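Tertiary structure, described
So the chains spell out like this:
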Amino acid sequence: MLPTTISLSYDAALRIVAVHGAASDGDRSSPILSGVCLRSVPIATDVCNGHALIIVATDGKLLLEEQWTLDAGSLTDTEINMGPQAVEQLALWLKSVKATLGKRPSCTMEMSWDGRVATFRVPGLALGECPLRSTEGSFPRYDAALRPTDAPSQPERVGYNLAYFAAVAKAWKQPKLDCISVECKHYRGTVLRMLRLPIG
């Protein structure tokens with residue numbers, strides 16, 4: 001497999017850590033569910049055609065997916081599964097990036113993928129690379145659950161596990177923002193969608 005390189009924002013890389021922290025399997029009963037999955041999908045806008053990075057994690061009950069527009073490059077038909085140790089290493093490396101940036105608010109970084117290792121780097125920044133080995137396996141096919149074709153239901157009574165809502169609230173928490181508007185639809189399960197993702 002020829003290496004592919006995408007360009008993504010520092011903020012998008014931070015979301016990899018946040019999504020993993022909110023929805024991955026904390027018991028680590030499965031190598032796939034205990035990590036985070038990265039995919040890309042083609043998107044079409046009024047300006048151009050491009051790709052978006054999909055960040056998704058699940059513990060088998062709570063599923064969290066975010067989509068971020070890529071600055072450049074694509075990972076079409078590619079799936080990268082990063083285990084919990086890889087995400088922890090990425091989180092530590094991102095802290096070093098923030099410290100190196102100083103007063104600069106953000107940066108654009110590159111992620112190269114050769115089929116086994118995802119390597120993060122910041123061009124022009126005096127900081128080493130962050131190579132992360134992927135976990136073998138396939139992430140569950142969740143599209144039918146997240147985007148069902150049948151119409152939403154209107155149950156008379158719904159019960160919730162507040163721990164799941166707390167995890168979503170933690171993942172979507174934004175600095176200097178007291179509340180976030182969320183759309184809630186009921187199918188066999190409940191689908192929550194943020195109505196305004198500030199950066200993604």
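In the block above lies the structure referred to throughout.
These remarks concern the structure in this document.

**Describing the packing of aromatic side chains**
- Under the definition given, this model contains three aromatic pairs.
- Ring geometry for F139 against Y142: centres 6.2 Å apart, planes inclined by 85 degrees, an arrangement best described as edge-to-face.
- Classification of Y142 by relative accessible area gives buried; the value is 7%.
- Look at Y160 and F165: their rings are 4.7 Å apart centre to centre, the planes differ by 85 degrees, and that puts the pair in the edge-to-face class.
- The exposure class of Y160 is partly exposed, given its relative accessible area of 37%.

**Focus on the side chain of E66**
- On the secondary structure map, E66 appears in strand β4 (residues 63–69).
- A distance of 2.7 Å separates the side chain of E66 from the side chain of R15, its partner in a polar contact.

**Focus on the sheet that holds strand β1 (residues 4–9)**
- The strand order across the open sheet built from four strands is β1-β6-β7-β8, with neighbouring strands paired in antiparallel fashion. Of all strands in the sheet, those bounded by a partner on one side alone are β1 and β8 (130–133). Each adjacent strand pair in this sheet contributes to an overall mean axis angle of 20 degrees, direction not counted.
- Of the strand pairs in this sheet, strand β7 (residues 117–121) and β8 are connected by four bridges, and their pairing is antiparallel. Each bridged residue has a counterpart across the sheet, and for T119 the counterpart in β8 is P131.

**As for the environment of C130**
- With respect to the secondary-structure elements, C130 resides in strand β8.
- In contact with C130, not counting residues within four places along its chain, are Q89, L90, W93, A118, T119 and F120.

**Observations concerning the environment of T69**
- Looking at where T69 falls in the secondary structure, it is placed in strand β4.
- Relative accessible area serves as the criterion here: at 53%, T69 is assigned to the exposed category.
- Sequence-wise, T69 and L127 are 58 residues apart; in three dimensions their C-alpha atoms are separated by 25 Å.

**What to know about a nonpolar patch on the surface**
- A grouping of V158, Y160 and L162 is seen on the molecular surface, where their side chains present a nonpolar patch of about 290 Å² in accessible area.
- For L162, the location among the structural elements is in helix α4 (residues 162–172).

**Describing the environment of L127**
- Relative to the helices and strands, L127 is located in the loop between β7 and β8.
- For L127, a relative accessible area of 27% translates into the label partly exposed.
- Each C-alpha atom, one on L127 and one on S96, is 8.1 Å from the other, the two residues being 31 residues apart in sequence.
- Those residues in contact with L127 that lie beyond four places of it in its chain are W93, S96, V97 and T100.

Parameters and conventions
- Along each chain, residues carry numbers from 1 onward, in the same order as the chain's sequence is written.
- Only residues with pLDDT of at least 70 are given local features in this predicted model, and only at 80 or more are side-chain atom pairs given and counted; all residues enter the totals for whole chains, interfaces and linings.
- Derived side-chain values reflect all non-hydrogen atoms in the structure, with water molecules and hydrogen atoms excluded from consideration.
- When the centres of two rings from Phe, Tyr and Trp lie within 6.5 Å, Trp using its six-membered ring, the rings pair. Their planes under 30 degrees apart give stacked, over 60 give edge-to-face, and anything left gives tilted.
- The rule is simple: take the accessible area with a 1.4 Å probe, protein chains only, and divide by the maximum for that residue type; under 20% is buried, over 50% is exposed, in between is partly exposed.
- Comment: elements are numbered from the N terminus, with helices defined as DSSP H or I runs of at least four residues and strands as E runs of at least two.
- Counted as a polar contact is a pair of N or O atoms within 3.5 Å, where, for protein atoms, one must be capable of donating a hydrogen and the other of accepting one, and residues adjacent in sequence contribute only when both atoms are in side chains.
- A pair of strands is treated as paired once DSSP finds two or more bridges between them.
- Only the stretch in contact is used when fitting a helix axis, every axis being a line fitted to C-alpha atoms; angles between N-to-C directions are given from 0 to 180 degrees.
- Residues count as neighbours in contact if any of their non-hydrogen atoms are within 4.5 Å of one another.
- Think of a patch as exposed residues, more than 30% relative accessible area, with no salt bridge, where like charges cluster within 9 Å and nonpolar side chains (Val, Leu, Ile, Met, Phe, Trp, Tyr) cluster within 5 Å.
- In this description, accessible areas are obtained by the Shrake-Rupley approach with a 1.4 Å probe, and a residue is regarded as covered only by the protein chains that are shown.
- The working definition used for a salt bridge is a side-chain nitrogen of Lys or Arg within 4 Å of a carboxyl oxygen of Asp or Glu.

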